[in-house]
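The chain contents come next:
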Amino acid sequence: MDAHRSLVDGLSHILNKRLIWLLVGSYVAAGLCPSFGIWMRNVSFGEATVLTGVRVSLPMLMLALLLFNAGLGVQVHQLRSLLRKPLVLILGLLANSIVPVVFTFGVGVMARSWHNSDEKESILVGLALVAAMPVAGSSTAWSQNANGNLALSLGMVLFSTLFSPWTTPLALHSISLMTTGGFATALHELAFSTVLPFLLLCVLLPVVLGVVAQHALGQVRIASTKHLLKIANSAILLLLNYSNASVSLPSSVADPDWDFLALTMGIVVSLCAFSFSAGWWLARCLRLDTAERVALAFGLGMNNNGTGLVLASLVFADYPRVMLPIIFYNLIQHLAAGVVDRLLSDSESNPARALTATGA
């Protein structure tokens, strides 16, 4: 039993420590050997009544399981102090919804003269799907590692997810006004017919069920399976990214369009830097302590791009370039989080290092 537990603990530690490189590996595998990922995407379990005309695919179920596991890990009692002073949380959620949309509008204005309209539209739609997503659950791990305010991090993740059936369509519709042709039609369809039932069924419901299951099972039982859940989450995340990336990366590898790839990467890096900086700047304007600044920076800088990729695969399967900004951002946000964490740990004047992991 002890040997089994040590093996599980060791594997969990390796997956957590090497996740970024494993994520890169999943993208390399998708570009070079996409057949298994395509097969995964084509596995269907029929149509969900609530998702009229949309088949329930294996990636959708994997996303739901990932978010169910996230719900198991949400410790609601840690949010009580935050809810007594909700102003910071509310402003953080508003900034998370507004900042990336404003950035995307700026890109749309500056990219009007780009020589290829399809490339420009693909980037805008990809950015729309990044901007419209709730805060990534992994932001809490990065924030905790940097001694950020864990209650604020959890609140950003939980409430941005709970409100996503309403905030996501609004963001998608806003950005659809900047697109044209088939891109505008598909984005409009996504905002007003597909995204709401999808988010209710595959995002909100699994998280709520996870929270309920945690309450029913008790934190002691959940804690005993913590490392198994981490291994399952890592495996699902890698397979989900591999499957969704297998749609767009093979063509980019076989026939790379270097100027489009460079433009996409430059814009994605700029968005990530802009979002992280906006969180830090907002916290400074509110005169928050360093722990809360850390939590807001990670909250604004990291989005749930797994959901964005699954959504893109539902509606934009005929536009594989749309997925590239989401794929790039998914990787860049973790690299940026690592850089921010390193800068914080190297700063001798960082008072957050004297705080507890809960940010209390």
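Residues numbered from 1 in each chain as written. Predicted model: local features only at pLDDT ≥ 70, side-chain atom pairs only at ≥ 80, totals over all residues. Heavy atoms only, no water.

To continue, consider the packing of aromatic side chains. Counted by the stated rule, this structure contains seven aromatic pairs. On the numbers, 5.6 Å between centres and 15° between planes, the contact of phenylalanine 36 with tryptophan 39 is stacked. On the criterion of helical spacing, the pair formed by phenylalanine 36 and tryptophan 39 is a turn pair, its members being three residues apart in helix H3 (residues 35–42). The rings of Phe36, Trp39 and Tyr242 are connected pair by pair, giving a single aromatic cluster. Positioned above the aromatic ring of phenylalanine 260, the side-chain terminus of arginine 321 is 5.2 Å from the ring centre. (Phe/Tyr/Trp six-rings, centres within 6.5 Å; stacked < 30°, edge-to-face > 60°. Helix = DSSP H or I, 4+ residues; strand = E, 2+ residues; numbered from the N terminus. Lys NZ or Arg CZ within 6 Å of the ring centre and 35° of its normal.)

Right, let's get into the confidence of the model for the protein chain. Mean pLDDT for the protein chain: 83, with 89% of residues reaching 70 or above. Note that residues 348–360 has pLDDT below 50 and, in this model, 28 contacts with residues that lie over four places away or in other chains. (pLDDT = per-residue confidence, 0-100. Contact = heavy atoms within 4.5 Å.)

We now examine unusual backbone geometry. In this structure, asparagine 147 takes a positive phi of about 60° despite not being glycine. Located in the positive-phi region is arginine 287, a residue other than glycine, with phi close to 55°. Residue position: arginine 287 is located in the loop between helix H13 (258–285) and helix H14 (290–301).

Evaluated as defined, the whole model comprises two salt bridges. Glutamate 119 serves as the salt-bridge partner of arginine 321, at 3.8 Å between the closest nitrogen and oxygen. Note that arginine 321 is positioned in the loop between helix H15 (305–315) and helix H16 (323–346) and glutamate 119 in helix H7 (residues 117–131), a separation of 202 residues in sequence. Among the ionic pairs, arginine 321 bridges to aspartate 257, the shortest N-O distance being 3.6 Å. Linking arginine 321 in the loop between H15 and H16 with aspartate 257 in the loop between helix H12 (226–254) and H13, this pair joins segments that are 64 residues apart in sequence. With relative accessibility at 32%, the residue arginine 321 sits in the partly exposed group. By sharing partners, the salt bridges in this structure join Glu119, Asp257 and Arg321 into a single network. (Salt bridge = Lys/Arg side-chain N within 4 Å of Asp/Glu carboxyl O. Buried < 20%, exposed > 50% of the residue type's maximum accessible area, 1.4 Å probe, protein only.)

Turning our eyes to something else, we now look at H14. Given a rise of 1.5 Å per residue, 12 residues ought to cover 16 Å, and the 16 Å separating the end C-alpha atoms of H14 matches this to within 8%. Counting buried positions along H14 yields 12 of 12 residues, so the element is predominantly enclosed. Those residues of H14 that sit buried are Thr290, Ala291, Glu292, Arg293, Val294, Ala295, Leu296, Ala297, Phe298, Gly299, Leu300 and Gly301. N-cap assignment for H14: the residue whose side-chain oxygen lies 3.2 Å from the backbone N of alanine 291 is aspartate 289. (Expected span 1.5 Å × (residues − 1). Polar contact = N/O pair within 3.5 Å; in protein donor to acceptor, adjacent residues only side chain to side chain.)

Moving on, we come to a nonpolar patch on the surface. On the surface, Ile90, Leu94, Ile98 and Val102 cluster together into a nonpolar patch covering about 360 Å² of accessible area. As for its placement among the helices and strands, isoleucine 98 is situated in helix H6 (residues 87–110). (Patch = residues over 30% accessible without salt bridge, like charges linked within 9 Å, V, L, I, M, F, W, Y side chains within 5 Å. Areas by Shrake-Rupley, 256 points an atom, 1.4 Å probe, with all protein chains shown as cover.)

For the rest of this paragraph, the subject is the nonpolar core. The nonpolar side chains of soluble globular proteins are, as a tendency, buried together. By size, the foremost hydrophobic cluster in this structure holds 98 residues, and its most contacted members are Leu129, Leu172, Leu190 and Phe316. Excluding residues within four positions of it along the chain, leucine 190 makes contact with Leu129, Leu172, Val195, Leu311, Val315 and Phe316. (Core = buried A, V, L, I, M, F, W, Y, C linked by side-chain atoms within 4.5 Å.)

Our next topic: the environment of leucine 61. Looking at where leucine 61 falls in the secondary structure, it is placed in helix H4 (residues 58–73). For leucine 61, a relative accessible area of 39% corresponds to the partly exposed category. For the pair formed by leucine 61 and serine 44, sequence separation is 17 residues and the distance between their alpha carbons is 10.0 Å. Residues in contact with leucine 61, not counting those within four places in the same chain, are Phe45 and Val56.

This part takes up the side chain of threonine 140. Tracing the backbone shows threonine 140 in helix H8 (residues 138–145). A polar contact of 2.8 Å, which involves the side chain of threonine 140, links it to the backbone oxygen of glycine 137.

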